Amino acid sequence: MVQVVLADGTELDVDAFPLPDGVDDGVLNRGQLAEALRVSEPSITSWIRDGMPVLSQGGNGQAYEFQLSHCFAWRMWRLDQQRQTKQRGDAIAQQMALAFLNLDEAGADEQSTMTAKDVADWADADYRRNKAAELRGDLVRADRVRDVFEQMLVDVRTSLSTIPDFAEQEFGLTADQAASLQDRCDAILIEMGLIIRRNNLGDGTVHQMTGKGGKAETS
């Protein structure tokens, strides 16, 4: 196994990226290496700065020397690293796009072969479909539903807060009976608060009721 230790300490397995069949290994100067790898000499200079292995440094009239197999393996390894980095980035972008679409696990599996561009196109089409459904009245925005729901809660809370006083006056309840009814109304409001919290519809905060006895209310 032929290994080369790069400037950053990385061990490059040269055997993992062999020269093409029929190509002999050898020591080349900068111009020869540029011709062999089909790039310009400035590219070779840039690759040296990026860590491409060098047999001997040039200077004082001496040319740089490169082992062709080492440089070819480094170039192929670097391209492979860039390819893997791109694949990881694409996977992350796809995961984020699927999360944005709020797909469940089954839906995510179904779309696992989609590229980030495919998901973006799908998201745009989905937005247009939802917009058309909203204009037809088939789809209602969550914030509008929330506003109506909150107003209903206010109305229910207000009605519950007046029941004990109303029942005491209308039906002649005793003080103990009115207090018992008040406790029941309070329990209903507290249960409503728990339901709200369990379904992530709000914080279900318990406040003071304005009805008889100053009991608790929820929002």
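Residues numbered from 1 in each chain as written. Predicted model: local features only at pLDDT ≥ 70, side-chain atom pairs only at ≥ 80, totals over all residues. Heavy atoms only, no water.

The name given to the protein chain in an unreviewed UniProt entry is Terminase small subunit, with the source organism recorded as Loktanella gaetbuli.

Trainee: Before we go on, may I ask you to explain the pattern of salt bridges in this structure?
Mentor: Working definition: two side chains of opposite charge can pair if their charged atoms are close together. One pass over the structure, following the stated rule, counts three salt bridges. Two residues, Asp-90 and Lys-86, come together in a salt bridge whose shortest N-O distance is 2.8 Å. Linking Asp-90 with Lys-86, this pair stays in helix α3 (residues 68–101), spanning four residues, or about one helical turn. The exposure class of Lys-86 is exposed, given its relative accessible area of 53%. (Salt bridge = Lys/Arg side-chain N within 4 Å of Asp/Glu carboxyl O. Helix = DSSP H or I, 4+ residues; strand = E, 2+ residues; numbered from the N terminus. Buried < 20%, exposed > 50% of the residue type's maximum accessible area, 1.4 Å probe, protein only.)

Trainee: I'm lost on the packing of aromatic side chains in this one. Help?
Mentor: Overall, the coordinates contain three aromatic pairs when judged by the stated rule. On the numbers, 6.0 Å between centres and 55 degrees between planes, the contact of Trp-47 with Trp-74 is tilted. Taken as a pair, Trp-47 in helix α2 (residues 41–50) and Trp-74 in helix α3 lie far apart in primary sequence, 27 residues in all. Note on Trp-47: relative accessible area 8%, which makes it buried. Consider the rings of Tyr-64 and Phe-66, whose centres lie 6.0 Å apart with planes at 10 degrees: the pair is stacked. (Phe/Tyr/Trp six-rings, centres within 6.5 Å; stacked < 30°, edge-to-face > 60°.)

Trainee: Before we go on, may I ask you to explain the nonpolar core in this structure?
Mentor: Within soluble globular proteins, side chains that are nonpolar tend to cluster in buried spots. Within the largest apolar cluster, 20 residues are counted, with the highest numbers of intra-cluster contacts made by Leu-33, Ile-44, Trp-47, Met-52, Phe-66 and Trp-74. Every element with two or more residues in this core is listed here: α1 (30–36), α2 and α3. Per-element tally for this core: the top contributor is α3, with five residues. Discounting residues that sit within four places of it in the chain, Leu-33 has contacts with Leu-28, Ile-44, Met-52, Phe-66, Leu-68 and Cys-71. (Core = buried A, V, L, I, M, F, W, Y, C linked by side-chain atoms within 4.5 Å. Contact = heavy atoms within 4.5 Å.)

Trainee: What exactly am I supposed to notice about α2 here?
Mentor: Structurally, the α-helix is built with 3.6 residues per turn, so residues lying three or four positions apart point the same way. Within α2 the residues assigned to the buried category are Ile-44, Trp-47 and Ile-48. For α2, the angular spread of the buried residues around the axis is 105 degrees, confining them to a single face. Opposite the packed face of α2, turned more than 90 degrees from it, sit the exposed residues Pro-42 and Arg-49. Just downstream of α2, Gly-51 is the residue with a positive phi angle, here 110 degrees. (Arc of directions from axis to C-beta.)

Trainee: What should I look at first to understand the packing of helix α6 (residues 142–171) against helix α7 (residues 175–198) in this one?
Mentor: For any two helices packed against each other, one specifies the inter-axial angle together with the distance between the axes. Close contact between α6 and α7 brings their axes to 8 Å; oriented N to C, the two are set at 170 degrees. Taken together, the axes of α6 and α7 lie roughly antiparallel to each other. In the packing of α6 onto α7, the handedness of the crossing is right-handed. From α6, Phe-149, Leu-153, Val-156, Arg-157, Leu-160, Ile-163, Pro-164, Ala-167 and Glu-168 reach across to α7, where they touch Ala-178, Leu-181, Gln-182, Cys-185, Ile-188, Leu-189, Met-192 and Ile-196. (Axes fitted to C-alpha atoms, helices over the stretch in contact; angles between N-to-C directions. Parallel < 35°, antiparallel > 145°, perpendicular 65-115°, else oblique. Left-handed = near helix turned anticlockwise from the far one by under 90°.)

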